[in-house]
Amino acid sequence: MKILLTSVSIALLAFSFSGCTKKADQKSQENDPDVIAPINTENNKSTGYSAYDLLNSSPYTSLKIEIQYMPGYQPDGTSVNNMLAFLNTTLNKTGGITLTQKEIPSGILKDYSLKEIGTIEQQNRTAYNAGNQMAIYMLVVDGNYAENGVLGVAYRNTSFALFGKKLHDNSGGIGQASRTKVVTTVLKHEFGHLLGLVDMGSPMTTNHVHPNYSAHCNNEDCLMYYATETADLFGILLTGNIPSLDNNCMADLKANGAK
């Protein structure tokens, strides 16, 4: 899944970006066969495929998150801690959740395609599912996505990327939303898709998928509502709090093994 910006004017922001893509297009892009596969085939499945394994304590009792970022785009510590808090209260990982961060060289690109992101992952990723430990790979690039306006994309069962330049350009300045709020929202939203939301690997206990934006919740106050993938997010976060999962999304996760 991906975080998108659409045309809107908020304070000093005035950008023209593409709208949210529907599920058919998402599948063709995010599971694109041109994306170079990780070495371990267990980490080369479709988005949401490993929802059960992430949520439950078996067969994987622990989780390792490997964050790699390009120069100048390390995610701030508060955003990372917010993501970890979300995961620790949601996942049944009796062996705990650990995290590593490492700077990698710039890809020296203005725009990154999924194929290029996959190549970078293959060249740099070191953590894969092994034994009783599951692994997630998160990459922060120093450019934008090839499709205009995207902030983040979950493109495999254990892989997602953030587009650091787009995030930095649209948050943290005068009249802009807090960068910590924006990055936290993107991190949690993308993880929500890896956890199978909405109806992507964690079956719905109640039908709550948005009628026009599949893989998203129909509750406008939910973290998984499609508007959190648009520039509406900046207006929400200027005056409001980081969205949380609603009762329906939480029920789906609990039915699939969450705490």
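Here the structure is a predicted model, which is why all the values come from computation and not from measurement. (Residues numbered from 1 in each chain as written. Predicted model: local features only at pLDDT ≥ 70, side-chain atom pairs only at ≥ 80, totals over all residues. Heavy atoms only, no water.)

Novice: How would you explain the overall build of the chain if you had to name every residue and give the values?
Specialist: For the chain, the helix and strand inventory stands at eight helices and ten strands. Counting across all 259 residues of the chain, residues that qualify as buried make up 53%. Across the chain, every contact between residues at least 6 apart in sequence was considered, and the portion connecting residues at least 24 apart equals 71%. Of the roughly 10,100 Å² of accessible surface on the chain, a fraction of 48% belongs to carbon and sulfur atoms. (Helix = DSSP H or I, 4+ residues; strand = E, 2+ residues; numbered from the N terminus. Buried < 20%, exposed > 50% of the residue type's maximum accessible area, 1.4 Å probe, protein only. Contact = heavy atoms within 4.5 Å. Areas by Shrake-Rupley, 256 points an atom, 1.4 Å probe, with all protein chains shown as cover.)

Novice: Describe in detail helix α3 (residues 77–88), supporting the description with residues and values.
Specialist: With twelve residues, α3 ought to run about 16 Å at 1.5 Å a step, and its terminal C-alpha atoms sit 16 Å apart, in line with that. Among the residues of α3, Ser79, Val80, Met83, Leu84, Phe86 and Leu87 are the ones counted as buried. Taken around the axis of α3, the buried residues stretch over an arc of 160°, which confines them to a single face. For α3, the secondary structure elements touched by its buried residues are β4 (62–69), β5 (96–103) and α6 (179–194). (Expected span 1.5 Å × (residues − 1). Arc of directions from axis to C-beta.)

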